[in-house]
Amino acid sequence: MHSVRRTWPRAAATTAAAGLALTAVAAAPVTGTVTAAAHTSAVPHTVARPAVAGHQLVRAVGSPLSIEECRTKWKIACYTPLQYREAYDLNPLYKAGITGKGRTIVIVDSFGSPTVQHDLDVYSKQFGIPSTKVQVVKWGNVPKWDPKNEDMLGWAGETTLDVEMAHAVAPDAKIVLVETAVAETEGTTGLPEMMDAEKALIDHGIGDVITQSFGATENTFPGFDKGDFSSIKKLRYAFEAAARNHVTVLASSGDGGATDNTADGAGYYHERVNSWPSSDPLVTSVGGTQLHLDDAGRRTAPESVYNDNGAGGGGQSHVFTRPAFQNGVKNVVGDRRGTPDISMAAAVNGGAWIYSSFDPTATGWDVSGGTSESSPLFSGIVALADQAAGKRLGNIHEALYSLYGRSAYDRSTGIVDVNDGTDNSYQGVTGYPAVNGYDMATGVGTLDAARFVPALAREGRHG
């Protein structure tokens, strides 16, 4: 079945005192209900959307096809986790025992997926990867699964992609999936609930790295047009807790190139904008590239900027000024926070095979892209680096930009520049080209994991 999903499921949520039903999580058992802190006094009427929406071209195929078969049938390349492992030079790490063992990746999605464990098991078996148990944490009263609800279907697709991509890179890392309860009819948003859930896990010592494949354009938050950014700043408490507890927080940079969605989710701004939480200086923004591989996973050309059925988000934040860790790239970002920080695979033409069965009308193998793919991929990289370092690396910005500062003359940093001149222009808004060094299309570039993981671990140990 060949379908293009253009809907942008809306994640709206109530802000009533939500509870966190934490089933026993091996790393830090917590039982009962943890009451959410009351951080909902200034709730933005802003909608968090899963980044995967609209970026899935192939659905419900019986089994994964070869790259050539995908090109013949759908005019796109399609890649397996085994090809990604070769492309990003992960296999030497696995041989050395760096598999994410002892580390926990937290994935935050509204609604979740009722078939996430079964789907991960099928996915893992297909590619000969040991599966892992997905610990599901329900935050609040998550409604009963409704396969006819477009919002739920969109988030279930996002959940599937997040879990399978994180597992593909860090096969022995534990995965905790946080499902937040949202209700479109409530007329408020899911962001406070997501932040409450993240903070609750952080406060209970659960999770080494958090990946967020959702975002909302900064301009859609209340007060933005008057220069009042308090509605965003009042939502940062989870990230501040993460910084205190040395938890790494990641977010997809978005799929609107240098622009992004208007509040209704249907249109795009006609000028350069940015999205939160990717734009937050406490968050590592993960942008998107396009891989060019052969069947063995070897590169046939250097990575380029993701720009098909979406484009890698990036640009200057209108809310946050330049953080100190970006002083070395101030000639590019100016006096603003610039995104992304680093990039991995996100193009639909070169998308990832995933398996899902949550939709009874479309069970099977899908090809997905978008920066909702790159953020969980990079969460796996962070889990590997945490294991190599023997500790949580926490906020990795200082380490990342320090490595970048040496990368032009030191290959051992593992940072790989993306500089082929492709750009993230999208929907008529001129974006940024991938040039030598840091740029707002791919950040510092992408990575060679066999070098980058130990380098980040070494650099981060000093932090």
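Reading the values: the criteria
Residues numbered from 1 in each chain as written. Predicted model: local features only at pLDDT ≥ 70, side-chain atom pairs only at ≥ 80, totals over all residues. Heavy atoms only, no water. Helix = DSSP H or I, 4+ residues; strand = E, 2+ residues; numbered from the N terminus. Buried < 20%, exposed > 50% of the residue type's maximum accessible area, 1.4 Å probe, protein only. Contact = heavy atoms within 4.5 Å. Areas by Shrake-Rupley, 256 points an atom, 1.4 Å probe, with all protein chains shown as cover. Core = buried A, V, L, I, M, F, W, Y, C linked by side-chain atoms within 4.5 Å. Polar contact = N/O pair within 3.5 Å; in protein donor to acceptor, adjacent residues only side chain to side chain. Salt bridge = Lys/Arg side-chain N within 4 Å of Asp/Glu carboxyl O. Pairing = 2+ DSSP bridges.

(A) Structural context of the overall build of the protein chain. Along the backbone of the protein chain there are 12 helices and 21 strands. Going through the 463 residues of the protein chain one by one, you find that 64% of them count as buried. Sequence separation of at least 24 residues holds for 80% of the intrachain contacts in the protein chain that already meet a minimum separation of 6. Carbon and sulfur atoms make up 51% of the accessible area of the protein chain, which totals about 15,800 Å².

(B) Spotlight on the nonpolar core. Counting 79 residues, the largest nonpolar core has L90, W353, F378, I381, L447 and F452 as the members making the most contacts within it. The element that contributes the greatest number of residues to this core is helix α10 (residues 371-389), accounting for 8 residues. Counting residues in each nonpolar core, the second largest holds 38 residues, with W139, W155, A241 and A242 among its members.

(C) Spotlight on the environment of K148. With respect to the helices and strands, K148 occurs in the loop between β7 (134-139) and α5 (150-169). Distance from K148 to T361, taken between C-alpha atoms, is 9.9 Å for residues 213 residues apart in sequence.

(D) Seen up close, the side chain of D366. Its location among the elements puts D366 in strand β19 (residues 364-368). We classify D366 as buried; its relative accessible area is 1%. Polar contacts involving the side chain of D366 include one to the side chain of S356, which spans 3.1 Å.

(E) Region of interest: helix α8 (residues 237-244). Along α8, the residues classified as buried are Y237, A238, F239, A241 and A242. On its buried face, α8 is in contact with α6 (191-203), β9 (209-212), β11 (248-252) and β12 (275-276). Positive backbone phi, approximately 60 degrees, marks H246, located one or two places after α8.

(F) Up close: the pattern of salt bridges. Under the counting rule described, the total for this entry stands at 11 salt bridges. The shortest N-O distance in the salt bridge between D410 and R406 comes to 3.9 Å. By relative accessible area, R406 is classed as partly exposed at 27%. Salt bridges sharing common partners tie together R103, D208 and R392.

(G) Quick peek at the pairing of β9. In β9, alternate side chains face the same way, and those of V209 and T211 on one face and I210 and Q212 on the other are all buried. In terms of strand pairing, strand β6 (residues 104-110) meets β9 through 4 bridges, oriented parallel. By the bridge assignment for β9, I107 is matched with T211. Where β9 lies against β11, 4 bridges are found, and the strand directions are parallel. Counterpart to Q212 in the pairing with β11 is A251.

(H) A look at the environment of S279. By the element assignment, S279 lies in the loop between β12 and β13 (284-290). Given a relative accessible area of 0%, S279 falls into the buried group. As a C-alpha pair, S279 and V319 span 40 residues in sequence and 8.2 Å in three-dimensional space. Leave out the neighbours within four places in its chain, and S279 touches E218, N274, S317, F320, R337 and T339. One polar contact links S279 to E218, side chain to side chain, over a distance of 2.7 Å.

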